[in-house]
Amino acid sequence: LDNGLVRTPPMGWLAWERFRCNTDCKNDPDNCISDRLFRTMADLVVSEGYAAAGYEYINIDDCWLDKERSYTGQLQPDPVRFPHGIKDLANYVHSKGLKFGIYEDYGNYTCAGYPGILGSLELDALTFADWDVDYVKLDGCYAHPREMDIGYPEFGFYLNRTGRPMVYSCSWPVYQIYAGIQPNFSSIIDSCNLWRNFDDIQDSWSSLESIIDYYGNNQDTIVQNAGPGHWNDPDMLIIGNFGLSYEQSKTQMAMWAILAAPLLMSVDLRSIRPEYKAILQNRKIIAVDQDPLGIQGRRIYKHKGIEIWARPISPLFQNYFSYAIAFLNRRTDGTPSDVAVTLQEMGLIAPGGYRIEDLYEDVDYGVLTPQTKIKVKVNPSGVVILRANVQPSYVQTTPY
Ligand SMILES: OC[C@@H]1[C@H](O)[C@H](O)[C@@H](O)CN1C(=S)Nc1ccc(F)cc1
């Protein structure tokens, strides 16, 4: 969607995967979906250095709502869990220098059964603008997928007509794919700033593997749709929760950067361990994810559990890209795997060669020519991610 927003993939914090639909504020006041949870997370995004690393959106997901609309037909938050209202919460998030996101559903109900927007699209868009919302995720439960080709653009039209810039996150394609309908991606790109193509992420390595496989196996359809202002959304970062090992957490951060994915953390920032926080704040990998060219990477090699993924990034020199290269080890046979490959076998053919560095370890490979073999050791369910910056070359064209 060409609304001037998310010219690089959005970065921020999204409640759903870690906090789900916990509405039991009586017995679990620290973890229920409430005004307090989002103010706490906004504070920590700033105080713990995440904002400085680029994370800017604080996003509510399902279960924020009252079960009924107001007597004027407006959406309203649960009055006990959000006693100050949404506008006041958004104002607080803005006071921290962050932006605020909210959730709704193009259906009669949200997935958790709260009021959906069907029948009130224009009013709900105006409500969100009035509340100073900066980002809207529109889910697709309790809807007819075929109606989404009309409904999602229509709601986007109303959001735009409010005059308030709002990032528009769509679940439109995934519900059509579930229904066996081939999505109209040119329409989706025109209407949405980002969209979900596949299953919800769950807190497990197998869930992460299934998403990586989906994006690799369908890359010929998916990759071309990504670009500044319109992104594929492989779902939230689950780094720092319960299900991923340290190696697997490094894998998700590296793969999301290769995929030009939104970096929406869903983790308890109050208790995250330092080594996981360090992965989320890895500036070199964030720079790959946020590369201004906005070209999504692809799987270029897959054999016996070893995968190689490459993403074209800046800087360019004479039409040669620089690259981020990820070596992924899907094997679980205990011991690290050696991978040896020449740059030119991976498509890196600039005559001046490339300056290669490891983005997790402090390893500088120096400048390598396309014919040079590069050797890496990849841990089981782990990754090695390198940056290969193209070097200028002045091939002599005159005899002297
Ligand atoms: O309720 C909201 C929740 C999150 O917003 C996810 O990101 C959305 O993809 C949808 N969603 C959930 S749990 N959806 C859902 C997932 C499985 C299911 F059987 C029924 C609904």
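Undergrad: Before we move on, could you go through the overall build of the chain and cite the residues and values that matter?
TA: Regarding its fold elements, the chain presents twelve helices and 16 strands. Over its C-alpha trace the chain gives a radius of gyration of 22 Å, about what one expects of a compact globule, namely 21 Å for 400 residues. With respect to the principal axes defined by its C-alpha atoms, the chain has extents near 80 × 40 × 40 Å. The long-range share in the chain, meaning contacts at least 24 apart out of those at least 6 apart in sequence, stands at 71%. Accessible surface, the chain as shown: approximately 16,200 Å² in total, 50% of it carbon and sulfur. Both charge centroids of the chain, one from 35 positive and one from 49 negative side chains, sit 5 Å from each other.

Undergrad: How would you explain the pairing of strand β14 (residues 364–368) if you had to name every residue and give the values?
TA: In this structure, strand β13 (residues 354–358) lies alongside β14, joined through four bridges in antiparallel fashion. Bridging from a neighbouring strand, Arg355 pairs with Val367 of β14. Hairpin connection between β13 and β14: a loop of five residues separates the two successive antiparallel strands.

Undergrad: Explain the sheet that holds β14 to me, using residue names and the numbers behind them.
TA: Reading across from one edge, β9-β10-β11-β16-β13-β14 is the order of the six strands in this open sheet, with antiparallel pairing throughout. Either end of the sheet is taken by a strand with one partner, and the two such strands are β9 (298–303) and β14. With direction set aside, neighbouring strand axes in the sheet form an average angle of 20°. As judged from the five bridges shared by β9 and strand β10 (residues 306–317), these two strands associate in the antiparallel manner. Directly across from Lys302, in β10, lies its bridge partner Glu307. Helix-sheet contacts for helix α8 (residues 205–217) involve β9, β10 and β11 (320–329), and the interaxial angle to β10 is about 65°.

Undergrad: So what's going on with the packing of aromatic side chains? Which residues, and what values?
TA: Per the counting criterion, the structure on display carries 19 aromatic pairs. Aromatic side chains Phe317 and Tyr394 sit 6.0 Å apart centroid to centroid with 80° between the ring planes, which places their arrangement in the edge-to-face category. You can see Phe317 sitting in strand β10 and its partner Tyr394 sitting in the segment after β16 (383–390), a full 77 residues away along the chain. Overall, the relative accessible area of 16% leaves Phe317 in the buried class. Among the aromatic residues, those joined into a cluster by ring pairs are Tyr106, Tyr152, Phe155, Tyr168 and Trp172. Geometry around Phe19 places Arg18 over its ring, the cationic atom sitting 4.8 Å from the centre. The ring of Tyr114 has Lys67 lying over it, and the distance from NZ or CZ to the ring centre is 4.0 Å.

Criteria and thresholds
By convention here, each chain's residues receive numbers from 1 onward along its written sequence. In view of the model being predicted, local features appear only for residues whose pLDDT reaches at least 70, and side-chain atom pairs are presented and counted only at 80 or more, with totals across whole chains, interfaces and linings using the full set of residues. No hydrogens and no water enter the side-chain calculation; it runs on all heavy atoms of the structure. Here a helix means four or more residues in a row that DSSP labels H or I, a strand means two or more in a row labelled E, and each is numbered from the N terminus. Throughout, the radius of gyration refers to the C-alpha atoms, and the reference size of a globule is 2.2 Å times the residue count to the power 0.38. Here, two residues are considered to be in contact whenever any of their heavy atoms come within 4.5 Å of each other. Computed by Shrake-Rupley with a 1.4 Å probe, the accessible areas treat only the displayed protein chains as cover when residues are assessed. When charges are counted, Lys and Arg are positive and Asp and Glu negative, with His and the chain ends excluded. Every charge is mapped to an atom, namely NZ of Lys, CZ of Arg, CG of Asp or CD of Glu. At least two bridges found by DSSP between two strands are what make those strands a pair. In this description, a line fitted to the C-alpha atoms serves as the axis of each element, helices being fitted only across the stretch in contact, and the angle between N-to-C directions of two axes falls anywhere from 0 to 180 degrees. Geometry of aromatic contacts follows a simple scheme: Phe, Tyr and Trp rings, the Trp one being its six-membered ring, pair when their centres are within 6.5 Å, and the pair is stacked under 30 degrees between planes, edge-to-face over 60, tilted otherwise. When accessible area is computed with a 1.4 Å probe and restricted to protein chains, residues below 20% of their type maximum are described as buried, those above 50% as exposed, and intermediate ones as partly exposed. By definition, being over a ring means that NZ of Lys or CZ of Arg is both within 6 Å of the ring centre and within 35 degrees of the ring normal.

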